[in-house]
Structures are given as C-alpha cells and as structure tokens.
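Breakdown of the fold
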Amino acid sequence: MKLITANAPHIRSFDNVRSIMIDVLIALIPAVIGASIFFGWYALFLSILGMAVGELIDYIIMRWIRGKKDFVPDGSGAVTGVLLALNVSARLPVGIFLIGLIFALGVGKHVFGGLGQNIFNPALVGRVFLMISFPTYMTTWIIPGAGFLKSPWDVQTAATPLMILKEGGQMNVTYWDLFIGKVGGSLGETSVLLLLIGFVYLLLRKRIKVMIPISYIGTVFVMTAIFYAINPKFGDPIFHILSGGLMLGALFMATDMVTSPMTRKGQLIFGLGCGVLTVVIRLFGAYPEGVSLSILFMNSLVPIIDAVTKPRVFGEVKR
Amino acid sequence: MKLFTFRGGVHPPERKELSRDREIVRAPLPSRVFVSMSNHAGAPAKPVVETGQEVKTGQVIGEPTAFISAYVHSPVTGKVVEIKKMLHPVIGKPIDTVVIERTGDDDWELLPHGDFERFSKEELVDIVKKAGIVGLGGAMFPTHVKLSPPPEKKIDTLIINGAECEPYLTIDHRLMLERAEDIAHGISIMKKILDVEEVIVGIENNKIDAVENMKKVLRGIAKVYTLKTKYPQGSEKQLIYAVTGRKVPSGGLPMDVGVVVQNVGTAVAVKEAVADGKPLVERGLTVAGEGVNEPKNLIVRIGSPVSWILELCGGVKEETNRIILGGPMMGIAIRDVNTPIFKGTSGIVALLPEKPLVPKPCIRCSRCVEACPMNLQPYLLYLLALKKRYDDAVKEGLMDCIECGSCAFICPSKIEHVRYIKLAKNVYRALRGGKK
C-alpha cells in the first residue's frame, strides 16, 4: 500500500470544465435544430463545422503554437464555434465563417492567455470582426421556412424585424412568430422558445449565472416600455425582448462565465448595463441591433464591476 | 420544522451510511502508544517523565508550557521506552513524543472527582485543565481556556456542536445516541462553570434520531436545534450564526459575541474528568471510508498507531492510497501508517484511488464565491497567492479563511484554493515577523 499525501479537501465534486462545456453544447441543441428546420441544412452544417473546427483550432494553438504538450481538449472551443454559427446568417460562406472563427479563438481568446483569461466573449469578438469586415454577408438574412433540403442561396432574402423598425417600415410579424422563430435573422436569434428550452436545461443543471439574463432582459423591457409610452414608433417592450439577438445574447453570451462578474450584485449591474446599452443602440444608434456591442462593452467593465462589488467578509465590521 | 443554517456551503456526498449504524465499541488496549507532546493547539507540552520510568494510566507525562497549552497523560499503564522527535502530521514538524510500552492492565491515577455540585467553578476549571481536555471536534483548542473567558467578556450562551458536517464521520452521531446522558452531565458541568442559562445543541437534520434522543434526554437542560445538512455547518462561526444570528467579528473569537462552543465529544470528556476522575486518555473516533473493510465507531487510547486501529477494523483494501486523520474535507493525509492518533482525531478515513484531477485555469464560474461560508472570493485569494501578492491577499480577507475546503471541493477547474491559501497565510505570518 502506497500512500499519497494530497492536500485537503480529499474529495472533489464530479464537475469539471469539460462537463460544463458539454452541458452548454447540449443546451444549444434545440436552437441548432430549430435553425436547421427554419433555414435548411446549411445551418446545421455551419453549427457542426463550428463545433469541430473550434475545438481543432484550440488544440492546434495550445499544442503547437503555445507548446502546452499536456493540453486536453475541454470543449470551450466547440462552444465558441457553435455560438459564432448561431450569430451569423444562414447563407454566410464557409470561408468567411472560418476566418471569423479563427479570429474569435485566436484574437478573442488565446492572445489574452487562453481559457479563463480572455476579457471579451470570443464568439462576439468573431461576430463583430465579421460585421466590420464583411458587412454585406453579415446582414443578408433569408426568410425562414424554406425547408431543410433547400440551399440557402435559392431562398429569398428578408429583413429582420429590428431593421424594419429602424427604417420605420410596416411590421407584419406577430409575437407568436417572434416567439417560435418564424422571422429573418441569424441562426440563433430567431426562436425564443428553443433558446429558453436550452436555458432551462442549464438552469436545472445549475450551470449559469442566472442573475444576468434576469437583469438584462428586465432592463430592456422596462426601458423600452418607457420609450414606447413616450412614442410608439420605438416599438413596444414585448416586441423588443422577443426580437433580435436579445435572448441569444442574454441567455448564452452575456452569461459566459469567463467574461462576466463574480458576484450576484456584479451580475445585476452587468445585466443592467447590457440592457441600457442595447436599448440605446437599438433606438438611437446607427445599427438596428446592439446586443453584441453592448455585451462586449460591458465585458470590458467586468474588472471594475468585480472591484466595486466585493462581498463583505463574514463578520467584517461596516466601515 | 425550522432549519437553522448559514449562507454558502456545499453538499459533499455524506457517505455516513458506512458506519452510522455501528455501535461504539471499546478497542482493546494497545501494546505500544506514541503520545505527542503536541496533542493540543498552542505551545507543545514539556515531557516530565524519563526513559525507563514506570507510568500509570492517567499519570501526567507532559506539562503545559504556556497559557494556551495543555497537560498530556499516559494512556496506558506501562514503561516509557523512548522519548523521541516524531513528525507531527498536523504541524508538519518533528515534535517530542513519549513512547510507552504497556506492561499490564489499567492502573488508574485519578483526578479528584465526584458530584460536580460539590466543586466551585474554579475547582471545576482546574479539573478540566488537569485532565488535559481539548476540543475533540478537531481543532484541539484547550477547553479550560475556552471555559475561563476574561471577566470583561460576558458569556450568555453555550453552544454544543453536534453538527458533524464532515462526510464519513459518525462518532458524534453515535455519542448522541448512546451517551446522551453523559453529554447532558457534561453540559450541566459547563453550565455551572460558565454560569449560563442558555444552552443550544445544534444537530444536522441527517441525524434525526440523534435530535429526538437528545431532545428527550436534555429536556430542561438545553435546547436542541435542527440544522440544515450542509457543509461546513459544524464550523464554529457558521454554527454560532445559524443558531443565534450573531456574527463573530473578523479576527475575533466566539466569546466576543458572548458564546462558547464545545463539541459533544468534549462534553463527554468533561463528564468523565469531573465525575469519574479520568483524564483525557481516550476518545471516540470513526474508522470508515471505501478502503476500510469493516467500518467502525471505536473508543481508542490516544497515541494508538493508525495501522493498529485499522487492523482492528479488518485492515484496509490493497488499493487504498490515502489515509486521512479527520474527515475528508479538512483532514490531514498521512504518509506513515504508523502515525499515532491525537486528541483531535475524530476519524480515520481510508480512501481508494480516484481519477487523477486535470487542473484547468479558472473559468470564473463564481461557484467558489457562492460556496464560501465566510463571504470571501477564493478565486481571487488563489490568484493573489499565486502571484505572491500576500499583502493584497490579506486585504481581501485571507486571514478570515477558515480553510473549510468548500471552494476547492466545488471548483470545476480543480484548483487547490486551500493549499495556496494556507501557504499564503504561512508566508504572511512569517514575513510579518510576529507583528500585528
């Protein structure tokens, strides 16, 4: 019998980074399936490609470029890949998507030191990079419902509800359309229902900082309600929380563990900031949608939020 | 039913079913004991016996050297064969250890004893001190020090800790079932010493039978509160907060909020010292863990070698790779299976190999922050310790850490927060050079 003198605690929870990432991937399955039903097989292809290539890029960078010979894949690259796929149009060419993914992981994550060190959500870094570099490809949306087998390049293009709102056009979508996802948009920003199913899964598995989506969506609802009361042209609050990338952003991007605050109070402030910025960009900015930019901006404030929302140590006297 | 608890904490697998239903049995007398002069928190005792000297059971073999120190007694009747330095697993340094070879059955040297009502408070504290009683929950803080708070600290509540939140350990549970009368007797003695009316016994709700039994036996002596089963419910500060709502100030002691906390095992030891005149030479402990063939709750003499105790429990499985003194959350893994047990050893847990941990960088999941019962940010303390920024770590509450291990238990990245925090504390204390 050979004894080892490990440090206390001698028992550990079964959770590990990989199981968390796998749970996030599972939570995104409904949205991916939904996207492939609405937009066709190419959506499914992009998601799976993103997953595989994301993990591969992580592996290559860690093993060969950064020389970490003991690196074991942890699934975080796959999560970034799927999230980026959910953030792009269903007819984005593969080449452009891969450029975005390489940028997302390379510059968004590994430049900062890899997993856990990055300041910005890598998938959003990739999305914004593509938006700036390939604006036409990134803003050409197709109408949903053409069928799984249809090639996306044969499908009619469509504007997103938020674009219509920005241009002051006539809206012909119902809340139900928005909720189940029968609208134009990126892969993952269409169906609120499917995103919520995934979110509930993460909630049950206790894998999510739940304060962020509550305060984010709550803030957007309250603010747009105020503006709607002032002038109905801004769009009503239910429309705002159901449309665009808000659900995807609030449920899966803003809640990224690495790039969000550590305390409940900090998470509340983070969600609040994201909400205010999203509404300001949507209603007064040049872009029709502001979820990704809002989250990235708030990501940069996380160290400050963490510093001001330190919990008071048990038994510490109020100063 | 109202459950008392605190904020934070974790739920490790309890694994108490291994030994929960085993009645306490008295182990035979060991043939050889190794009694450390550091069987308590504080300064090690000074050996007062010589090699070759005959000693009786209960005879003083070590005397306290400071205010926070304690008497050490011979656990057997026999002959001192050697006084040598032995590695102390908790302190991590060699400490004087008296090796005694047993020559016969117990020939007791007893303390003055009898009905506690006959003694004055001072006499009772003196008996507790002379009996070498220390906190049997694991911290081994000398009990007579706790029972004689300075006069400016008014104590109004005595809390008896029956939480037993460490996985695997069941000895306190068994004591509350089998020795409730002795616990009640010990409580009455401590009530008289501290001159308090309010006594609260806290027991986790995974021991409902103990709660019922203690309620029955302690009627009119103490209140029994049911605590939520959560680790570290038995931690002193968390227990005080759970049952009284008082928060021990940072850097302070329970007496600062008018509370003294004693373990149920300590209550039994106090009873045995005062009523039976027996110094603390034996204690109850749980031998459990997947590596033990026959888990048991035993009463064994202090200084018995772990290997000998494990033999009494049918030995350990061949694959066993960790033997822990105490529970698996805060206990110390020993390298040498011949290490003796101490007054604070509440259990011996033998664990089988597990999948090697793959450490990953912190992914800021914030679970350690949610789990920390002291409201600290363990991820931050870990990072600061790693970067050797000890002063900053102290500003973030490093010294408030109770080292319960909740953060390291819950961490998905398998970071060893407690190891780095302990290291940082030691370095900080050394650098500070004793200054406050």
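Now for a quick tour of the structure.

Procedures and definitions
Residues numbered from 1 in each chain as written. Chains lettered and ligands numbered in written order. Predicted model: local features only at pLDDT ≥ 70, side-chain atom pairs only at ≥ 80, totals over all residues. Heavy atoms only, no water. Pairing = 2+ DSSP bridges. Helix = DSSP H or I, 4+ residues; strand = E, 2+ residues; numbered from the N terminus. Axes fitted to C-alpha atoms, helices over the stretch in contact; angles between N-to-C directions. Parallel < 35°, antiparallel > 145°, perpendicular 65-115°, else oblique. Left-handed = near helix turned anticlockwise from the far one by under 90°. Contact = heavy atoms within 4.5 Å. 1 Å grid on protein atoms, 1.4 Å probe; cavity = no way out; pocket = protein on both sides within 12 Å on 5 of 7 lines; lining within 4 Å. Points joined across faces, edges and corners; volume = space filled by probe spheres on them. Nonpolar A, V, L, I, M, F, W, Y, C, P; charged D, E, K, R; others polar.

**Focus on the sheet that holds strand 10 (residues 198-204) of chain B**
Residue and element names in this part refer to chain B. Pairing within the open sheet is parallel, and its four strands lie in the order 11-10-9-12. Where the open sheet ends on each side, the last strands, each with one partner, are strand 11 (223-227) and strand 12 (259-263). Across the sheet, the mean angle from the axis of one strand to that of its neighbour is 25°, orientation sign disregarded. With six bridges connecting them, strand 9 (residues 157-162) and strand 10 associate as parallel partners. Looking across to strand 10, one finds that isoleucine 160 is bridged to valine 201.

**Regarding the packing of helix 3 (residues 76-86) of chain A against helix 4 (residues 94-106) of chain A**
Residues and elements named next belong to chain A. Two elements in contact, helix 3 and helix 4, have axes separated by 10 Å at closest approach and are oriented at 135°. Here helix 4 runs oblique to helix 3, going by the angle between their axes. Judged by the twist between their axes, the crossing of helix 3 over helix 4 is right-handed. On helix 4, the residues that touch Gly77, Thr80, Gly81, Leu84 and Ala85 of helix 3 are Phe97, Gly100, Leu101, Ala104 and Leu105.

**Notes on the sheet that holds strand 2 (residues 32-36) of chain B**
All names here are of chain B. Pairing is antiparallel across the open sheet formed by four strands, whose spatial order is 2-8-7-4. At either end of the open sheet lies a strand with only one pairing partner, and these are strand 2 and strand 4 (54-55). In terms of strand pairing, strand 4 meets strand 7 (residues 78-87) through two bridges, oriented antiparallel. Paired with valine 55 across the two strands is glycine 78, which belongs to strand 7.

**Comments concerning the layout of surface pockets**
In this structure, the second largest pocket occupies an estimated 1,100 Å³ of space. The wall of the second largest pocket is formed by 38 residues, among which Arg264(A), Ser366(B), Arg367(B), Glu370(B) and Ala371(B) lie closest to the centre. Broken down by secondary-structure element, the contributors of at least two residues to the lining of the second largest pocket are helix 13 (264-284) of chain A together with helix 9 (367-371) and helix 12 (406-410) of chain B. With four residues, the single largest contributor to the lining of the second largest pocket is helix 9 of chain B. Here the lining of the second largest pocket is composed, by residue class, of 15 nonpolar, nine polar and 14 charged.

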